[in-house]
Amino acid sequence: MPDDQAPRNRPQALATRLSHAGRAGTRVRGFVNPPLLRGSTMLYPSCEERQAAGATRLDQAPNYGVMGNATHHALEDVIAEIEGGTRCQIVSSGLAAVTTPLLAYLKSGDHCLVPDSVYGPTRAFCDGLLTRLGIETTYYRADIDAAGIAAMMRPNTAVLYLESPGSHTFEVQDVPGLAGAAHARGAKVLMDNTWGIHFFQPFRHGVDVSIQALTKYVVGHSDVLLGSVTTAADEDWKRVRLTALALGQYASPDDCWLALRGVRTMSVRLQHQMRSGLAVAEWFAGRPEVAGVLHPALPGAPGHDLWRRDFTGACSLFGVVFQPEFSNAAACAMVDSLELFGIGASWGGFESLVLPTTGHVVRTAGAWDYDGPLVRFHIGLEDIGDLIADLDRGLAVLRAHSGLRVQPG
Ligand SMILES: *Cc1c(COP(=O)(O)O)cnc(C)c1O
């Protein structure tokens, strides 16, 4: 923030803060954007001054490149601002932002609670590396309540992990309720807040450590991978920071600079994408081919009440479950036929994407509620009429491939 010392008459809106956060350099004569710094070795005029710098390992005064430099720290300041935290650690990818705090708070013999709806690579990390380290994971249904999670906590449960909404199936969790139950038994609450971005303020809802894949909307252009781990309490920041340093976590300053560029327009992109995403979700909800639309901001959709209670907006990623009469092959034929939707993982860029996720729904704590094929949509910045026209043609292909005569309503 350039104006830390200036009196604040009213809290500034996000759109305002995104134009000003992380730009301390502009207070001294300089360019609008922070300059890009690259480097490994940092030189000192004397042994004494180098020694003094080494004592401040935790602070934003690095003595070696791997500790990050002013380019990293400018982005860290913006992300902490977005999430309502105090400090942030940038890491190399969203997945590294998941694994770094898990390793910071879990040790051999510990137990960890993870939602069944969790991002696939997070599940793979828990089942693989954490198991190998002697850390046990239990998966719980994402719709569990505080009493349910309390009953699952053991004396050695060190972490309650949350991801709300789930990034493939969009279950919204009762974050404050679950966090309260975890804190009552001494566990830390870690949350993947990639979908919520700034629409969900994790630290106001009891979260200790917030994880984001900046790869998504913050970068916004599908050309950079980055992750962030944000904290509110100083002790949490120290723990995350020391673990990131111990693991050699480092992000390219070029990538951080691109993310700083992306974040300046994020508020505008998100407003547009939120509107378009909801319009497409509503359109799908009115179609006879559709069994359910998994968009928490859509009235009547699963998780809508919790979303309305805890969120101030929505991104443009959601799921559509088609009627069970349609085969996976028919859903894939529809997906293949779309002209404006790229087929691929990730999301949050300027372009629309589609991903059949049928095979990705892994459930070990309860059954998945739907029988029909599930397709995930990310709505980009294209014209909404063009997108719906493309999807309308896609549904014709779905019907043709199913051999069924479902009439559009
Ligand atoms: C994409 C994603 C990640 C991982 O981000 P990468 O930068 O691709 O490693 C983590 N969590 C969620 C919910 C995601 O969607």
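Everything numeric in this text was worked out from a predicted model, so none of it was measured.

1. Regarding the pairing of strand β1 (residues 87–91)
- For β1, the buried fraction is high: four of the five residues fall into the buried class.
- Pairing analysis gives five bridges linking β1 to strand β7 (residues 227–231), with the strands arranged antiparallel. Looking across to β7, one finds that Val91 is bridged to Gly227.

2. A closer look at the site of the ligand
- Taken together, Ser93, Gly94, Leu95, Tyr119, Glu163, Ser167, Asp192, Ala213, Thr215, Lys216, Leu225 and Trp347 make up the full set of residues near the ligand.
- Taking Gly94, its main chain carries an N or O atom lying 2.7 Å from an oxygen atom of the ligand.
- Lys216 is positioned with one of its side-chain polar atoms (N or O) 2.7 Å from an oxygen atom of the ligand.
- Taken together, the residues of the shell around the ligand sort by class into five nonpolar, four polar and three charged.

3. Some thoughts on the packing of aromatic side chains
- With the rule as written, the count across this model stands at nine aromatic pairs.
- Plain terms: the ring middles of Trp283 and Phe284 are 5.2 Å apart, the flat faces sit at 65 degrees to each other, and that makes the pair edge-to-face.
- With centroids separated by 6.1 Å and ring planes inclined at 25 degrees, the aromatic side chains of Phe318 and Phe377 adopt a geometry described as stacked. Residue Phe318 is found in strand β9 (residues 317–322), and its partner Phe377 is found in strand β12 (residues 374–378); the two are separated by 59 residues along the sequence.
- Here Phe318 falls in the buried class, since its relative accessible area comes to 0%.
- In this structure Phe377 comes out as buried when scored by relative accessible area, which is 0%.
- Members of the aromatic cluster, joined through ring pairs, are Trp283, Phe284, Phe318, Phe322, Phe341 and Phe377.
- The side chain of Arg87 reaches across the aromatic face of Trp237, ending 3.8 Å from its centre.

4. Remarks on the environment of His168
- Within the secondary structure, His168 is located in the loop between β4 (157–163) and α7 (175–184).
- The buried category is assigned to His168, whose relative accessible area is 15%.

5. Quick notes on the pattern of salt bridges
- Inspection of the entire model under this criterion finds 16 salt bridges.
- Residue Arg308 is joined to Asp305 by a salt bridge in which the shortest nitrogen-to-oxygen separation is 3.6 Å. With Arg308 and Asp305 both in helix α11 (residues 304–310) and three residues apart, this pair spans about one turn of that helix. For the pair Arg308 and Asp305, one class covers both residues: exposed.
- For the salt bridge of Asp310 with Arg309, the shortest nitrogen-to-oxygen distance reads 2.8 Å.
- Residue class for Asp310 comes out buried when judged on its relative accessible area of 7%.
- Salt bridges linked by common partners bring Arg287, Glu289, Asp392 and Arg399 together as one network.

6. Side note on the domain arrangement of the protein
- Under the domain assignment used here, the protein contains domain 1 (7–263) and domain 2 (266–402).
- One C-alpha centre belongs to domain 1, the other to domain 2, and the line joining them spans 28 Å.
- Taken together, the contacts link 39 residues of domain 1 with 43 residues of domain 2.
- For the pairing of domain 1 and domain 2, the buried interface totals around 3400 Å² over both sides, and the portion due to carbon and sulfur atoms is 62%.
- A per-residue breakdown of the area domain 1 buries against domain 2 is headed by Trp195, Phe199 and Tyr217, which together make up 27% of the total.
- If you look at where domain 1 meets domain 2, you find two salt bridges.
- Between domain 1 and domain 2 we count 19 residue pairs in polar contact (both at pLDDT 80 or more) in total.
- Of all elements in the fold, only α1 (14–20), β3 (136–140) and α9 (253–264) reach the threshold of two or more residues within the side of domain 1 that touches domain 2.
- For the side of domain 1 that touches domain 2, the element with the most residues is α1, which contributes three residues.

7. What about the packing of helix α4 (residues 94–105) against helix α8 (residues 234–246)?
- Two numbers describe how α4 lies on α8: the axes approach to 9 Å, and their chain directions differ by 110 degrees. Between α4 and α8, the angle is such that the two are roughly perpendicular. Of the two elements, α4 crosses α8, and the hand of that crossing is right-handed. Here Thr100, Leu103, Ala104 and Tyr105 of α4 lie close against α8, whose contacting residues are Asp236, Arg239, Val240, Thr243 and Ala244.
- Grouping the constituent residues of the contact of α4 with α8 by class yields five nonpolar, two polar and two charged.

Parameters and conventions
- Residues numbered from 1 in each chain as written.
- Predicted model: local features only at pLDDT ≥ 70, side-chain atom pairs only at ≥ 80, totals over all residues.
- Heavy atoms only, no water.
- Buried < 20%, exposed > 50% of the residue type's maximum accessible area, 1.4 Å probe, protein only.
- Helix = DSSP H or I, 4+ residues; strand = E, 2+ residues; numbered from the N terminus.
- Pairing = 2+ DSSP bridges.
- Near = heavy atom within 4 Å.
- Polar contact = N/O pair within 3.5 Å; in protein donor to acceptor, adjacent residues only side chain to side chain.
- Nonpolar A, V, L, I, M, F, W, Y, C, P; charged D, E, K, R; others polar.
- Phe/Tyr/Trp six-rings, centres within 6.5 Å; stacked < 30°, edge-to-face > 60°.
- Lys NZ or Arg CZ within 6 Å of the ring centre and 35° of its normal.
- Salt bridge = Lys/Arg side-chain N within 4 Å of Asp/Glu carboxyl O.
- Domains from an automatic or database assignment.
- Contact = heavy atoms within 4.5 Å.
- Buried area = accessible area lost by both parts, 1.4 Å probe.
- Axes fitted to C-alpha atoms, helices over the stretch in contact; angles between N-to-C directions.
- Parallel < 35°, antiparallel > 145°, perpendicular 65-115°, else oblique.
- Left-handed = near helix turned anticlockwise from the far one by under 90°.

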